[in-house]
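# Structure at a glance
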Amino acid sequence: MIKNIAFDLGGVVLALSYEQAVKRFEEVGLKNARQELDAFEQRGIFGDLESGRITAEDFRRELSKMVGRELTADECYQAWHGYVDHVPKRNLQALLSLRARGYRVCLLSNTNPYMMQWADKDFDGEGHPISYFFDALYLSYECKVMKPRREIFEMMLQGQQSVPEETLFVDDGRRNVEMAASMGMHTLCPQNNEDWTEALETLLKNTP
């Protein structure tokens, strides 16, 4: 029986806009933004930020060197926020419904301080932070490891006091889902901004 449900953030809980993110980073001066950015797993200084190897201030300094001018923290914030298309209300309602029904619901995300600066304020447009919708948050930059590394999944299972057989992992990244499945978790892999609510309910209903 599934008791614990872990969700990815970008592409699952919120709809991602890779093109908007590329445009925002290009606007601050990163000419090769399309080559530097990734929709699933960041590399270079972007990956260093999301894996917690560097701080937000370190990132600002390094990105400033890359673009050839001094960037402000707000410019970095606005650029990263380009990844956010919108947050579907149906997803938030589903999260709250799952918790009300007794499931332990957590977030397991490759993300960074700039994205969480936004998510911690007004995630739903009604004044609620992202933590309002989850029992716990497992964030790559705080855990110091990124999906699809096994260690971050183990941290989540330990923190949720759950075992793989009682856990459902929902992520739009194929490699992340494959790792979770290899550990014995149930998985669901929707496309970016796909309505996964019905598929999730069907899976919960049909899982003994």
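Structural data are supplied above this passage.
Please read these numbers as outputs of a predicted model, since none were measured by experiment. (Residues numbered from 1 in each chain as written. Predicted model: local features only at pLDDT ≥ 70, side-chain atom pairs only at ≥ 80, totals over all residues. Heavy atoms only, no water.)

## Quick notes on the overall build of the chain
Assigned secondary structure in the chain consists of eleven helices and seven strands. What you see for the chain is a C-alpha radius of gyration of 17 Å, in line with the 17 Å of a compact globule of 208 residues. Along the first, second and third principal axes, the C-alpha atoms of the chain reach 55 × 35 × 25 Å. A total of 208 residues make up the chain; the buried ones form 51% of that total. Contacts in the chain between residues far apart in sequence, at least 24 positions, make up 66% of those at least 6 positions apart. Of the roughly 9700 Å² that the chain leaves accessible, carbon and sulfur atoms contribute 48%. A distance of 1 Å separates the average location of the 24 positive side-chain charges in the chain from that of its 33 negative side-chain charges. (Helix = DSSP H or I, 4+ residues; strand = E, 2+ residues; numbered from the N terminus. Rg over C-alpha atoms; globule rule 2.2 N^0.38 Å. Buried < 20%, exposed > 50% of the residue type's maximum accessible area, 1.4 Å probe, protein only. Contact = heavy atoms within 4.5 Å. Areas by Shrake-Rupley, 256 points an atom, 1.4 Å probe, with all protein chains shown as cover. Lys, Arg positive; Asp, Glu negative; His and termini not counted. Charge placed at Lys NZ, Arg CZ, Asp CG, Glu CD.)

## So, the pairing of strand 4 (residues 104–109)
Within strand 4, five of the six residues are buried, which leaves the element mostly enclosed by the surrounding structure. Bridge count between strand 1 (residues 4–7) and strand 4: four bridges; the pairing is parallel. In the strand pairing of strand 4, Asn4 is matched with Arg104. Read from strand 4 through helix 7 (residues 113–122) to strand 5 (residues 136–139), the crossover connection turns out right-handed. (Pairing = 2+ DSSP bridges. Right-handed = clockwise from strand over helix to strand, strands pointing away.)

## A few points about the pattern of salt bridges
Any two side chains of opposite charge can pair if their charged atoms end up close together. Using the criterion set out here, one finds 19 salt bridges in the structure. Here Asp58 makes a salt bridge to Arg61, at a shortest N to O gap of 2.5 Å. Of this pair, Asp58 and Arg61 both sit in helix 4 (residues 56–67), separated by three residues, roughly a single helical turn. Classification of Arg61 by relative accessible area gives partly exposed; the value is 38%. Where salt bridges share partners, they join Glu57, Asp58, Arg60, Arg61 and Glu70 into one cluster. (Salt bridge = Lys/Arg side-chain N within 4 Å of Asp/Glu carboxyl O.)

## Description of the pairing of strand 5
Two elements, strand 4 and strand 5, share four bridges in a ladder whose sense is parallel. Bridge pairing in strand 5 links Leu107 to Leu137.

## With respect to the sheet that holds strand 7 (residues 186–188)
Spatially, five strands are ordered 5-4-1-6-7 in an open sheet, and the strand pairing comes out parallel. At either end of the open sheet lies a strand with only one pairing partner, and these are strand 5 and strand 7. For this sheet, the mean angle separating the axes of adjacent strands, direction not counted, is 20°. The strands touched by helix 9 (residues 150–160) are strand 1, strand 4, strand 5 and strand 6 (167–170); relative to strand 4, the strand with the most contacts, the crossing angle is about 160°. (Axes fitted to C-alpha atoms, helices over the stretch in contact; angles between N-to-C directions.)

## Quick look at the side chain of Arg60
Note that Arg60 resides in helix 4. A polar contact of 2.7 Å, which involves the side chain of Arg60, links it to the side chain of Glu57. In this structure the side chain of Arg60 is engaged in a polar contact, spanning 2.7 Å, whose partner is the side chain of Glu70. When residues no more than four places from it in sequence are discounted, the contact partners of Arg60 are Glu70, Leu71, Thr72, Ala73, Cys76 and Tyr114. (Polar contact = N/O pair within 3.5 Å; in protein donor to acceptor, adjacent residues only side chain to side chain.)

## Describing helix 4
With twelve residues, helix 4 extends 16 Å from end C-alpha to end C-alpha; this agrees with the ideal 16 Å at 1.5 Å per step. Those residues of helix 4 lying buried are Phe59, Arg60, Leu63, Ser64 and Val67. Buried residues in helix 4, looked at end-on, bunch into an arc of 135°, giving them a common side. Of the residues one or two after helix 4, Gly68 is the one with positive phi, at around 80°. (Expected span 1.5 Å × (residues − 1). Arc of directions from axis to C-beta.)

## Here's the deal with the nonpolar core
The nonpolar side chains of soluble globular proteins are, as a tendency, buried together. Formed by 55 residues in total, the largest nonpolar core has its most connected members in Phe7, Phe25, Phe59, Leu63 and Phe123. Sorting elements by how many residues they give to this core places helix 7 first, with five residues. Setting aside anything within four residues of it in sequence, one finds Phe25 in contact with Leu30, Ala33, Leu37, Phe46, Phe59, Leu63, Ala79 and Trp80. Counting 16 residues, the second-largest nonpolar core is a separate cluster that includes Leu108, Cys143, Ile152 and Phe153. (Core = buried A, V, L, I, M, F, W, Y, C linked by side-chain atoms within 4.5 Å.)

## Quick notes on the packing of aromatic side chains
The final tally for this structure, using the stated rule, is twelve aromatic pairs. Geometrically, the ring pair formed by Phe25 and Phe46 is edge-to-face, given 5.6 Å between the ring centres and 80° between the ring planes. Placement of the pair is Phe25 in helix 1 (residues 18–27) and Phe46 in helix 3 (residues 44–50), with a sequence separation of 21 residues. Classification of Phe25 by relative accessible area gives buried; the value is 0%. (Phe/Tyr/Trp six-rings, centres within 6.5 Å; stacked < 30°, edge-to-face > 60°.)

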